[in-house]
Amino acid sequence: MRGFARLNIGNKWYPISPSYLWKTHLKFRKQNENEATWNLDFNGDGDMLDTVPVWRNDGSSIALDNNGF
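What you are looking at is a predicted structure, and each value in this text was computed from that prediction instead of being measured.

## Describing the overall build of the protein
The number of helices and strands found in the protein is one helix and eight strands. For the C-alpha atoms alone, the extent of the protein along its principal axes is close to 50 × 40 × 15 Å. Relative to its full complement of 69 residues, the protein shows a buried share of 9%. Contacts spanning at least 24 positions in sequence make up 41% of the contacts within the protein whose residues lie at least 6 apart. Approximately 5700 Å² of the protein is accessible, and the part contributed by carbon and sulfur atoms is 56%.

## A few points about the packing of aromatic side chains
Throughout the structure, instances matching the rule amount to one aromatic pair. For the cation-ring pair, Arg6 lies above Trp13, with the distance from its terminal atom to the ring centre recorded as 4.0 Å.

## Quick notes on a nonpolar patch on the surface
Together, Leu7, Ile9, Tyr14 and Ile16 make up a nonpolar patch on the protein surface, roughly 380 Å² of accessible area in all. Residue position: Leu7 is located in strand β2 (residues 6-9). Judged by relative accessible area, Leu7 falls into the partly exposed class, the value being 39%.

## Regarding the environment of Trp13
When you line up the elements, Trp13 lands in strand β3 (residues 12-15). For Trp13, a relative accessible area of 45% gives the class partly exposed. Apart from residues no more than four positions distant in its own chain, Trp13 is found in contact with Arg6, Leu7 and Asn8.

## Comments concerning unusual backbone geometry
You will see that Asn39, though not glycine, has its phi angle at about 60°, which is positive. As for its position among the elements, Asn39 is in the loop between α1 (35-38) and β7 (51-57).

## Here's the deal with the environment of Ala63
Looking at the element boundaries, Ala63 is found in strand β8 (residues 61-63). Each C-alpha atom of the pair Ala63 and Asn43 lies 36 Å from the other, and the pair is 20 residues apart in sequence. Other than its neighbours up to four places away in sequence, Ala63 contacts Leu21, Trp22 and Lys23.

## Some points on the pattern of salt bridges
Throughout the structure, instances matching the rule amount to two salt bridges. In this structure, Asp58 engages Arg29 in a salt bridge whose closest nitrogen and oxygen atoms are separated by 3.5 Å. Taken as a pair, Asp58 in the loop between β7 and β8 and Arg29 in strand β6 (residues 28-34) lie far apart in primary sequence, 29 residues in all. Accessibility expressed as a relative area gives 36% for Asp58, which makes it partly exposed. For the salt bridge of Arg56 with Glu33, the shortest nitrogen-to-oxygen distance reads 2.8 Å. With Arg56 in strand β7 and Glu33 in strand β6, this pair connects stretches of sequence that are 23 residues apart. Overall, Arg56 belongs to the partly exposed group, its relative accessible area being 31%. For Glu33, a relative accessible area of 9% gives the class buried.

Cut-offs applied
- Residues numbered from 1 in each chain as written.
- Predicted model: local features only at pLDDT ≥ 70, side-chain atom pairs only at ≥ 80, totals over all residues.
- Heavy atoms only, no water.
- Helix = DSSP H or I, 4+ residues; strand = E, 2+ residues; numbered from the N terminus.
- Buried < 20%, exposed > 50% of the residue type's maximum accessible area, 1.4 Å probe, protein only.
- Contact = heavy atoms within 4.5 Å.
- Areas by Shrake-Rupley, 256 points an atom, 1.4 Å probe, with all protein chains shown as cover.
- Phe/Tyr/Trp six-rings, centres within 6.5 Å; stacked < 30°, edge-to-face > 60°.
- Lys NZ or Arg CZ within 6 Å of the ring centre and 35° of its normal.
- Patch = residues over 30% accessible without salt bridge, like charges linked within 9 Å, V, L, I, M, F, W, Y side chains within 5 Å.
- Salt bridge = Lys/Arg side-chain N within 4 Å of Asp/Glu carboxyl O.

As structure tokens, then:
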């Protein structure tokens, strides 16, 4: 895949970087954690005592080439 940065001015898009080969491998796993670990009330019940599912990075990677696909 090739990617580049672009900028929108008015109704026109302008490329502002060269086109690069790149890849990304997204790997996440769902695990249960206590709300208190995050200091957030995820489910809005007024306490931070619940165990809730969260997504954790499990080895995602990026590279500036297209090798390995």
